[in-house]
Each structure stands twice: as structure tokens, then as C-alpha cells.
Amino acid sequence: MLRQIEGSLGVAQAVALCRPGVVCAYPISPQTHIVENVGKFVKTGALKDCDFLNVESEFSAISVAIGSAAGGCRTYTATASQGLLYMAEGIYSASGLGLPIVMTVASRAIGGPINIWNDHSDSLSQRDSGWLQLFCESNQDAVDTHIMAFKIAEKVGLPVMVCMDGFVLTHAFERLDIPSQEQIDEFLPPYEPREYLTTKEPVSIGAMVGPEAFTEVRFLQQRKMAKALKVIEEVTAEYRKLTGSKSGGLLECYNCENADLKLIIMGSTVGTAKDEIDRLKKEGINVGIISLKSFRPFPYEAMRQAIGDTKQVICLERAFSFGGRGIICPEVKRAMEGTNCDIKTAVCGLGGRAIYGTTINAMVKHALAGKFTEEFTWFDVDSNVLNSYTKNAEGVTFPEGPLGASQLEASVKHA
Amino acid sequence: MLDKINFYQTGSNTVGNRLLNPAMRSIQASVDRPNSLISGHRACQGCGEALGARYAIDAAMRATNGQIMVVNATGCLEVFSTPYPESAWRLPWVHSLFGNTAAVGSGLAAAAKIRAMKNGDTNVPRIIAQGGDGGTTDIGFGPLSGMFERNDDVLYICYDNEAYMNTGVQRSSATPPAARTATTQLVGEHPGADWGRGKSVPLIAMAHGIPYVATATVADLRDLEAKVTRAMSFHGARYIQVLVPCPLGWGLKSNSTVTVARAAMESGFFPVFEAEYGKITSVRKIRQKQPVLNFLKMQRRYAHLTGKKADPNVVARLQALCDTNIKNFGLLGDDEPNGVPTAIQAYERSNRV
């Protein structure tokens, strides 16, 4: 049914359609509206046989989810930013125990300095946590991906983070097609865990594993990740057939045929970029977009095929690695190893700095003019703000426009 | 006719099981005891925690007809009972982290309830969350308080051995004053743990107004069994703190675990009581009062208080601490305490002990 609603309400409705047994909530912007709505559904009886727990911290939220999933219930929670970091210890515990929890990360920058706006530094900080990480480009994608996430998690035996951009998606009102309960009941049968805590068949879960078997435990976890690549595609195909949706998948290509340049983007920026790419096409500039949906597991093979024989790729990244470089770019380089494809990072949109059509336009023209000469570029950095500090403090000034990593490094040598 | 029998065997002050009728005998004395924590685990000789856990969990199993699921904090109990691929637990058991045990218990209780509801099953398994004092009074304290205030249907058992034993005997907020630990060493002007630190989690639990709070020791295992049984008669959040001496951490002979626990109880060092809905309902009276020195002299963590260089003022302060407990909790005489006692740390901080 089509409705013009807030993204968070859409996600809450999607979660309710999946009939979770336990939902726990701790408030942190910008995920609050999702759990508020789920709590309301439980209280009105719209979502039956579900326990909604208001807990005292994100650490307890993930821990309640761990207990609930170990107890054999379909389990959901949501968080963002600092909350995700406060959960971190439990994040690893949940994946190590193989618990199919589904959690929304309403992506938001990590402090300090404290910042409530959207970037991807929170979800990407948990890159190596053993969770699947699925990114959403629109609210419709978020609605559908949440529903698919339960099925994927339960098939694979690993938890899933559904990463949707904070505020940009969570608080945006858009037309959403929410599937019917009948459709979802057909798609997602009641959860029957392979193993859970029951007095009928007692098991011990979470034993201490020493050097004699720890590597093998990790190997088997990685094997689940490999399996997940296939499961994501299968579940996506099934869901699309059932609902007619275009959501999900490992990655999606837009205008990729014979493109001179491809942009790899995760999240809501894909929508902005698509519009701009359409405009550029009228100017005769042919740019493709690869919307990266599954960051973990990373679809190396699908990425290689999506890039094809395109010679230039820019990864638009909304987070980076301090003391290192980009986070997506090295993965794409691995996918393209042995080719002469030129792959670069353009960092932008940190802490909620808006990425406009003009940003995309400038990025494309910068790329096609051969100006991305370094692996890592601060694309939307404001040198006026920088200079207001560095000029007085250290006598250093930066020129206007995008700054390459070498300009940052050189400025330290002169200081 | 029971009141005519002398329950306490001469000298030992333990109840003779064979003198009781079968219904009153210890669960551990039964041939069909649940054996929830079975032999073969890797606890040290004389481990108070293994002893306490075996009695507590078996009592809960008996009280619920075997419907118990356990969440275990990281710590000695977890490590010695479940080295992969072995497990000493003969019931559903899960370990996640050090500090999240109460919250995992909340989640498991919710799942047990919902699963039973969805399956139309009237039999809902009950949940026990358990951990040591570090996992309870320190790192797990936030989730514990959250579980209490939500009144989640979980019994939390803290096996209190007054320090972080699994990591090598470091001080916790349950470590008593003047005790030696690896982080409160016997050096400097004030050897051992500082005075005026720490907290009383049983009293804090009572302040949450939860249905049931109790303390117990492994010196009175029948009392521990009775308290666990009582706890299982309530629904909602419940808390039991059991004093479980640690031969390694306290510097005890491994055959004196129970003796030293008894000295802690009989000296007033560790008050044993129970409370319902925030009010004390019973106090385990001291039977044969002992000076605190009897408790101290069995332990190397207090060796500096009993040797030639001992500071008598510190022993006197510890005795005053015990005397204050005796007065506050009414551990001697027939009276029950009037109102909620003040945490002993308050007296330490105000220099009244």
C-alpha cells in the first residue's frame, strides 16, 4: 500500500510485519522514531506476542538482544553513532555466538566533537565485527531491506546491520510501498532457530575457546560471510518477485553501460547522484553509479563485474581511516587487482555536510579533467575554515578547492 | 518433635543432615540431586564459588522442577566450567560478556515468555543470571540496576569473593578495607585496600524495591538453599549475594573455605539477611560470636594485621566495623532491625569505625 510517511515509521512498520518476539530500545538520535513507533505498535496490539523493553543503555540493548536471540526469539533493536560504539563489545559477542539479530544503524558521525548528523563513521567502525552490513539508498530500500534482513540473518546465522542515513532518510517523508502482512507472512515464516536455550534440550552456548580451535571458529564465521553473498542475492530475488520491489541486492548499477567514469557510493547520496548523472548525460557526459548495498560481506566479484572495463572509478566515501586512507577504495582495489583501473577516494559529506547535485557535478568534472591525482582527496573541505585556525596558529594556509592527501602532509613538513 | 533435637553437632556448628526428616534435608544430600554443575570442572581445590553455585542452582532446579536457564558472566565460574569442548553444566547455559549478564538475563526471560506464549505452552522456564562481585558490583552494575528497575523476571546471584580473582586478585568495589589484593598491595603507610571505599549492593538492590534480596554464605548452605527456594517463589527481579571465600585470592588453606565463611558470618563481618520489597524480613543471627581476628588470621590477605608488625588500630577498626554491622542488622539478640540499615561504608567515611 502506498503511503506518504516518515522513513522511521516505514521501517517500524516493516519491522512489525516481520513479527519480532523481542524489541529493545534505548534512545539515540536519529534512530529514536523507529523504536518509538515499534513500541506503539506493541502497546496498541498491532504487533502481537512481542515484548518491548526500554533499557538503560545501548550496552544493555544489544545484551537484551543477545539474550533474546539465544532464547530463540526473532529480535530487533536500533542504534546510531555513540550508541553503536557503546554496544561494541556486545556487537562482537552477538556475531561470535551466531545470533541472527537485526539492527538498524541510523548512520551518524561519531564524536568528538559531538555531531548528530549523518556520515558513515559509526557503521564502518564496526566493519570487522562479523555483522552483515547492508546500506540503503532510499526509504523504500530501507523498508524492504529490513524485511529481507531478517530472512538473510536467519538463513546465514549471523546478525545484520541495516544502515540507513540518519535524518536524511530516517526523518524524510517519502512515498512508501509497505507490503501487506499476508505477503510478509508468506515470505518470512515464524522463526525456528536451529539451536537455542530450552530446558527441553539443554545446551551450553558461549564456551571459552582456546588456541586449539579459535582459528577454526573464525574460519567458520568467515564461511558464513561467504555464504551470505549467495543468500543476499537469493533473498533479494525472492523478495523482488513477491513484491515487485527493486530494493536490496549486493550492489546496483545505474547508467553503467559504456560509462567513462563510475562513482561508487553507499547510502542516500546515490539518489542525489542519480539526478545529477541524468543532467550530465544531457551534456554528453556518461557517468555510471554503483550503489554499494552490501559492504559486509564485500561483493568483490560482483564489484569487478560492475566496474567491467571502465578505466576510472571514484569512491565517494563518508568516512575514512585516521592515519590511513579511504575505507571503500582499498576494497575496490582488491576487487580490481591485476587491472589498470584507476581507483580513488573522494571523502565528502562528513558530519552531515550536505552533498548536493553540484558536489557530484564538480566531482565528475574534477575526475574527467584528470585532477584526482592522488588516492585520497578531501573533496568538500572548506579552506577558509581551516585557515582561520592554521594561519594564526602555525602560519599555514591551504588553497581553495579539493585538497589531496599530499597537501595535508606537506603542510606538516613546513610547520 | 524436631525442636527437641540438638541440630548442631558439637564443635562444628553444622546441622546434622541425618537428624532431619527427609523433607528438610539438604538437596545435595539426595541421591537424585540435579547435579546442575557436575564434577570434572576445573575449579581450584576448596573453591567457594563452585560450592555456592552448585547449591544455589540445584536448589533453584528443585524449586522449579528443572525449569532453569542460566546466564553466566565472564569470570572464574564461566572459565572453569566451560573450556571448549567441555561443559560442566547440565542445564541450558549461556555466556556472553563480563558486564552484560543481567541484561542478557532480561532478554532471555523475555524470549522464554514470548516463545511459551507463541507455542501455547504454560511452562515458562525461569532465568538465573550469575557472576562474581567484579561482574556484578562494578562492570555489570548498570545493566543490573536496569534489570532491577524493570523488575524483569530474573534471579541474579552474585558470588562475592571480594575481588577480581579470575584476572589475578585485583580490588573490586566489594573488596573490604585493609585487604591485600594485587592492586591494593601491602606497602606504604596504609597497607591493603583503602577505607571508605566500596558499596553495599544488597542495600542498593533493596532501594530498587524489588521483590526479594538476600545475602548468604557457603558456611550455611541450607540457608542458601532456603533463600534460593524463597527467591524462586517470587516473579520479578531478585538478588542474592553469596559470600564465597577464594582460597587463592584470600590466601586460605583449601580446606578452610567454609570455616572462614562461618567466621565472616559469626563475627558480623558479613551480615546475612533477607528482604522483601525493600524491607528486611529476617536476619541470620550470630550463634557463637567470634572476634574479627578469628576471621582475619586464617587469611594471608590480612597477614599484615596478625603478624609482629601488625597495627592494632586497624584490627580495632575492623572489629568496630563488625560491631556496627551487628548493631545495625540486629545480628545478636531477638530483635529484627528497625528500618533499612545504613551501608557500612557510610560509617567508614564518617570515621565512626
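From a predicted model like this one, the values you see are computed outputs, not experimental measurements.

Could you clarify how one ought to interpret the overall build of chain A in this entry?
Summing up its helical and strand segments, chain A has 14 helices and 17 strands in all. Computed over C-alpha atoms, the radius of gyration of chain A comes to 22 Å, within 12% of the 22 Å expected from 2.2 N^0.38 for 415 residues, which places it in the range of a compact globule. Structurally, chain A occupies a C-alpha span of about 70 × 45 × 40 Å along its principal axes. When the 415 residues of chain A are sorted by exposure, 52% land in the buried category.

Honestly, the overall build of chain B in this entry has me stumped. Any pointers?
Scanning chain B from terminus to terminus reveals 12 helices and eight strands. Its C-alpha radius of gyration of 20 Å places chain B within 12% of the 20 Å reference for a compact globule of 353 residues. C-alpha atoms of chain B, sized along the principal axes, occupy 65 × 50 × 40 Å. Counting only residues that meet the buried cut, chain B has 54% of its 353 residues in that class. Considering only residue pairs separated by 6 or more positions, chain B has 69% of its internal contacts joining residues 24 or more positions apart.

Sorry, what's going on with helix α5 (residues 141–149) of chain B here?
Since there are 3.6 residues in each turn of an α-helix, residues three or four apart along the chain are aligned in direction. Taken together, the buried positions of α5(B) are occupied by Pro143(B), Leu144(B), Gly146(B), Met147(B) and Phe148(B). Against α3 (58–70) of chain A together with α3 (101–119), α4 (133–138), β4 (154–160) and α6 (201–207) of chain B lie the buried residues of α5(B). Backbone geometry just downstream of α5(B) places Asn151(B) in the positive-phi region, at approximately 55°.

What's the story with the packing of helix α1 (residues 48–63) of chain B against helix α7 (residues 221–232) of chain B in this structure? I'm lost.
When two helices pack together, their arrangement is given by the angle between their axes and by how far apart the axes lie. All names here are of chain B. One can describe the packing of α1 onto α7 by two numbers: an axis separation of 8 Å at closest approach and a directional angle of 40°. One finds that α1 runs oblique with respect to α7. When the axes of α1 and α7 are compared, the crossing they make is right-handed. Residues Gly52, Tyr55, Ala56, Ala59, Ala60 and Ala63 of α1 form the contact with α7, whose own contacting residues are Leu221, Leu224, Glu225, Val228, Thr229 and Met232. Considered class by class, the residues forming the contact of α1 with α7 number nine nonpolar, two polar and one charged.

How should the nonpolar core be read in this particular structure?
In globular proteins that are soluble, nonpolar side chains generally tend to be buried together. Counting 228 residues, the largest nonpolar core has Ile152(A) and Val242(B) as the members making the most contacts within it. Split by domain, the residues of this core number at least three in each of domain 1 (2–243) and domain 2 (251–380) of chain A. Discounting residues that sit within four places of it in the chain, Val242(B) has contacts with Gly52(B), Ala56(B), Ile157(B), Cys158(B), Tyr159(B), Asp160(B), Ala216(B), Thr217(B), Val218(B) and Leu224(B).

Explanation requested: the interface of chain B and chain A in the structure shown.
Interfaces are often described in size by the accessible area the parts lose on coming together. Every contact between the two is made by 39 residues of chain B and, on the other side, 37 residues of chain A. In terms of residue count, the dominant contributor to the side of chain B that touches chain A is α3(B) (14 residues). Across the side of chain B that touches chain A, the residue classes tally to 21 nonpolar, 13 polar and five charged. With two bridges joining them, strand β9 (residues 204–205) of chain A and strand β2 (residues 93–95) of chain B adopt parallel strand pairing.

Would you explain the domain arrangement of chain A in this entry?
All names here are of chain A. What the domain assignment reports for chain A is domain 1 (2–243) and domain 2 (251–380). On a C-alpha basis, the centres of domain 1 and domain 2 stand 27 Å from each other. At five residues, the largest contribution of residues to the side of domain 1 that touches domain 2 is made by helix α8 (residues 214–243). Of the residues assigned to the side of domain 1 that touches domain 2, the class counts are 15 nonpolar, seven polar and four charged.

How do you make sense of the pairing of strand β7 (residues 273–276) of chain B when you look at a structure like this?
If a strand is regular, its side chains alternate between the two faces of the sheet. Residue and element names in this part refer to chain B. Where strand β5 (residues 212–217) lies against β7, three bridges are found, and the strand directions are antiparallel. Among the inter-strand pairings, Ala214 is bridged to a residue of β7, identified as Glu274. Adjacent in sequence and paired antiparallel, β7 and strand β8 (residues 279–283) are bridged by two residues, among which Tyr277 carries a positive phi angle near 50°.

It is not clear to me how the sheet that holds β9(A) should be interpreted in this structure. Could you clarify?
With mixed pairing, nine strands are arranged side by side in an open sheet as β9(A)-β2(B)-β1(B)-β3(B)-β4(B)-β6(B)-β5(B)-β7(B)-β8(B). Sheet topology places β9 of chain A together with β8 of chain B at the edges, where each strand pairs with a single neighbour. Direction of pairing for strand β3 (residues 126–132) of chain B relative to β4(B): parallel, over a ladder of six bridges. Counted as the bridge partner of Ala129(B) is Tyr156(B) from β4(B). Along the sheet, α3(B) contacts β1 (68–72), β2, β3 and β4 of chain B; its crossing angle with β3(B), the most-contacted strand, is approximately 170°. Together, β3, β4, β5, β6 (238–243) and β7 of chain B form the strand contacts of α7(B), whose direction differs from that of β5(B) by roughly 165°.

When you look at the environment of Pro211(A) in this model, what are you seeing that I'm missing?
All names here are of chain A. Along the polypeptide, Pro211 turns up in the loop between β9 and α8. Accessibility expressed as a C-beta count within 10 Å gives 6 for Pro211, which makes it exposed. It is 31 Å that separates the C-alpha atoms of Pro211 and Gly324, two residues lying 113 residues apart in sequence.

Mind showing me how you'd approach the confidence of the model for chain B here?
When pLDDT drops low, the exact placement of atoms in the prediction is not to be read closely. Looking at chain B as a whole, its pLDDT mean stands at 94, while 95% of the residues score no less than 70. Interface confidence for the predicted complex, given as ipTM, is 0.96, next to a pTM of 0.97.

Even after reading the chapter, I still don't get helix α11 (residues 312–329) of chain B, so can you show me in this structure?
End to end, α11(B) covers 26 Å across 18 residues, agreeing with the expected 26 Å (1.5 Å per residue, within 8%). Check the buried side of α11(B) and you find it contacts β7, β8, α10 (292–296) and α12 (344–349) of chain B.

When you look at the pairing of β5(B) in this model, what are you seeing that I'm missing?
Residue and element names in this part refer to chain B. With six of its six residues buried, β5 lies for the most part within the structure. The alternating pattern of β5 places Tyr212, Ala214 and Ala216 and Val213, Thr215 and Thr217 on opposite faces, both of which are buried. Of the pairings in the sheet, the one linking β5 to β6 comprises six bridges and is parallel in character. Directly across from Val213, in β6, lies its bridge partner Tyr239. Taken together, β5, α7 and β6 form a β-α-β motif whose crossover is right-handed.

Please clarify how the environment of Ile68(B) should be interpreted in this entry.
Take Ile68(B): it is sitting in strand β1. Taking the C-alpha atoms as reference, Ile68(B) lies 21 Å from Gly40(B); in sequence the two are 28 residues apart.

Help me out: how do you make sense of unusual backbone geometry in this one?
Generally, phi is negative for residues other than glycine and the peptide bonds are trans, each holding for most cases. Residue and element names in this part refer to chain A. Here the residue pair Gly111 and Gly112 is connected by a cis peptide bond, since its omega of 5° sits within 30 degrees of zero. Tracing the backbone through its elements, the reader meets Gly112 in the loop between β5 (102–107) and α5 (121–125). Note the cis peptide between Gly112 and Pro113, where omega equals 0°. Residues other than glycine seldom take positive phi values, yet Ser81 does so here, at roughly 45°. For Ser81, the position within the fold is in helix α4 (residues 81–96).

I tried to follow the sheet that holds strand β4 (residues 75–79) of chain A on my own but got confused; where do I start?
Neighbouring strands of a sheet are bound in pairs by backbone hydrogen bonds; such pairs are parallel or else antiparallel. The strand order across the open sheet built from seven strands is β3-β2-β4-β5-β7-β6-β13 (chain A), with neighbouring strands paired in mixed fashion. Two strands in the sheet have a free side with no partner beyond their single neighbour: β3 (51–54) and β13 (294–296) of chain A. Along the sheet, successive strands turn relative to each other by an average axial angle of 20°, direction set aside. In this structure, strand β2 (residues 22–25) of chain A lies alongside β3(A), joined through four bridges in parallel fashion. Following the sheet pairing, Ala25(A) is matched in β3(A) by Asn54(A). Contacts from helix α2 (residues 32–44) of chain A reach β2, β3, β4 and β5 of chain A within the one sheet, and its direction differs from that of β2(A) by about 135°. Lying over the sheet, α3(B) contacts β2 and β3 of chain A, oriented at roughly 160° with respect to β3(A).

Rules of the game
Numbering of residues begins from 1 in every chain and follows the order in which that chain's sequence is written. All chains are assigned letters beginning at A, and all ligands numbers beginning at 1, according to the order in which they are written. Given that the model is predicted, a residue must reach a pLDDT of at least 70 before its local features are reported, and side-chain atom pairs must reach 80 or more before they are shown or counted; all residues, however, enter totals for whole chains, interfaces and linings. To qualify as a helix, a DSSP run of H or I must reach at least 4 residues; to qualify as a strand, a run of E must reach at least 2; elements of each kind are numbered from the N terminus. The reference for a compact globule is 2.2 Å times residues^0.38; the radius of gyration itself is calculated from the C-alpha atoms. Between the buried cut of 20 or more and the exposed cut of 12 or fewer other C-beta atoms within 10 Å of a residue's own C-beta lies the partly exposed class, and all C-beta atoms are placed from the backbone. By definition, residues are in contact whenever their C-beta atoms, placed on the basis of the backbone, come within 7 Å of each other. Axes, fitted as lines to C-alpha atoms, cover a helix only where it is in contact. Angles between the N-to-C directions of the axes lie from 0 to 180 degrees. Under this scheme an angle from 65 to 115 degrees is roughly perpendicular, one under 35 degrees roughly parallel, and one over 145 degrees roughly antiparallel; angles in between are oblique. Rotating anticlockwise by less than a right angle from the far helix to the near helix defines a left-handed crossing, while the corresponding clockwise rotation defines a right-handed one. Under the scheme applied, nonpolar residues are Ala, Val, Leu, Ile, Met, Phe, Trp, Tyr, Cys and Pro; charged residues are Asp, Glu, Lys and Arg; polar residues are all the others, including Gly. By convention in this section, buried Ala, Val, Leu, Ile, Met, Phe, Trp, Tyr and Cys residues joined through C-beta atoms within 7 Å make up a nonpolar core. In this document the domain limits rely on a domain assignment from an automatic tool or a database. Paired strands, as defined in this entry, are two strands with at least two bridges between them according to DSSP. Confidence of the predictor at the level of single residues is given by pLDDT, which spans 0 to 100. Multiply 1.5 Å by the residue count of a helix minus one, and that product is the helix's expected span. For a crossover, the right-handed case is the one in which the path from the first strand over the helix to the second runs clockwise, viewed with the strands pointing away from the viewer.

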